[in-house]
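# Fold and geometry: a report
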Amino acid sequence: MSEFKHCFAPVVNAQTRILVLGSLPGDASLAVSQYYAHPRNAFWPIAAALTGKPLDALPYGERLQGLLACGIGLWDVVGKAQRRGSLDTAVRDVQCNDLASLLVSLPALEVLAFNGALAYKTAQRAPAVHVPALALPSTSPAYTLPFADKLAAWRVLLPYLGV
């Protein structure tokens with residue numbers, strides 16, 4: 001089997017209202033230690049469209065600061081797992097992150113936004129959360145739903161952004 005792959009540290013602060021939870025970073029993201037680094041991943045263009053800020057055009061550090069300024073945090077449900085390649089269907093031997101501990105540290109949290117089915121299904125094993133949990137279509141290029149349809153589904157987050 002392949003080696004274990006690990007997630008990144010959470011990107012959150014006390015003002016985080018929306019926590020976007022992916023499954024586990026893909027190989028392109030792991031190679032550069034950046035969330036959603038694959039050039040065809042729709043996350044950054046969707047985040048730009050939702051916030052009205054050019055997050056997809058900024059350097060990575062500024063992207064993260066821009067998300068935090070809009071009340072959006074990032075993390076993954078899977079802390080580590082074995083996976084050959086980047087597909088969620090190849091994830092094995094999952095060890096989940098301690099989502100409950102992170103959530104109690106986020107006093108402004110209003111909603112969990114799961115980026116894809118694996119993230120949502122895996123999180124169902126965690127203790128109950130007292131904020132809405134939304135299963136959104138994966139922004140991965142492997143999930144071939146057209147961009148416009150992905151963006152339309154992700155617009156459910158607009159009320160939490162205050163726009």
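Notes on the structure in this doc start here. (Residues numbered from 1 in each chain as written. Predicted model: local features only at pLDDT ≥ 70, side-chain atom pairs only at ≥ 80, totals over all residues. Heavy atoms only, no water.)

### What to know about the nonpolar core
- Residues Leu-19, Val-20, Phe-43, Trp-44, Leu-74 and Leu-157 are the most contacted members of the largest nonpolar core, which totals 47 residues.
- Here this core takes five residues from helix α2 (residues 43-51), the largest share from any one element.
- Excluding residues that lie within four positions of it along the chain, Leu-19 makes contacts with Val-12, Gly-73, Leu-74, Trp-75, Leu-99, Leu-102, Leu-103, Leu-106, Leu-109, Val-111, Leu-112 and Ala-113. (Core = buried A, V, L, I, M, F, W, Y, C linked by side-chain atoms within 4.5 Å. Buried < 20%, exposed > 50% of the residue type's maximum accessible area, 1.4 Å probe, protein only. Helix = DSSP H or I, 4+ residues; strand = E, 2+ residues; numbered from the N terminus. Contact = heavy atoms within 4.5 Å.)

### Quick look at the sheet that holds strand β3 (residues 72-76)
- Reading across from one edge, β3-β2-β6-β7 is the order of the four strands in this open sheet, with parallel pairing throughout. At either margin of the open sheet sits one strand with a lone partner, and together these are β3 and β7 (133-136). When strand polarity is set aside, the average angle formed by the axes of neighbouring strands in this sheet is 25°. (Pairing = 2+ DSSP bridges. Axes fitted to C-alpha atoms, helices over the stretch in contact; angles between N-to-C directions.)

### A look at α2
- Of all nine residues that make up α2, seven are buried, and the element is covered over most of its length.
- Turning to α2, its buried residues number three or more, namely Phe-43, Trp-44, Ile-46, Ala-47, Ala-48, Leu-50 and Thr-51.
- In the core, the buried residues of α2 are packed alongside β2 (18-22), α3 (60-69), β3, β6 (111-115), α6 (147-154) and α7 (158-161).
- Where α2 terminates, the next one or two residues include Gly-52, which has phi positive at roughly 75°.

In short, geometric facts, not functional conclusions.
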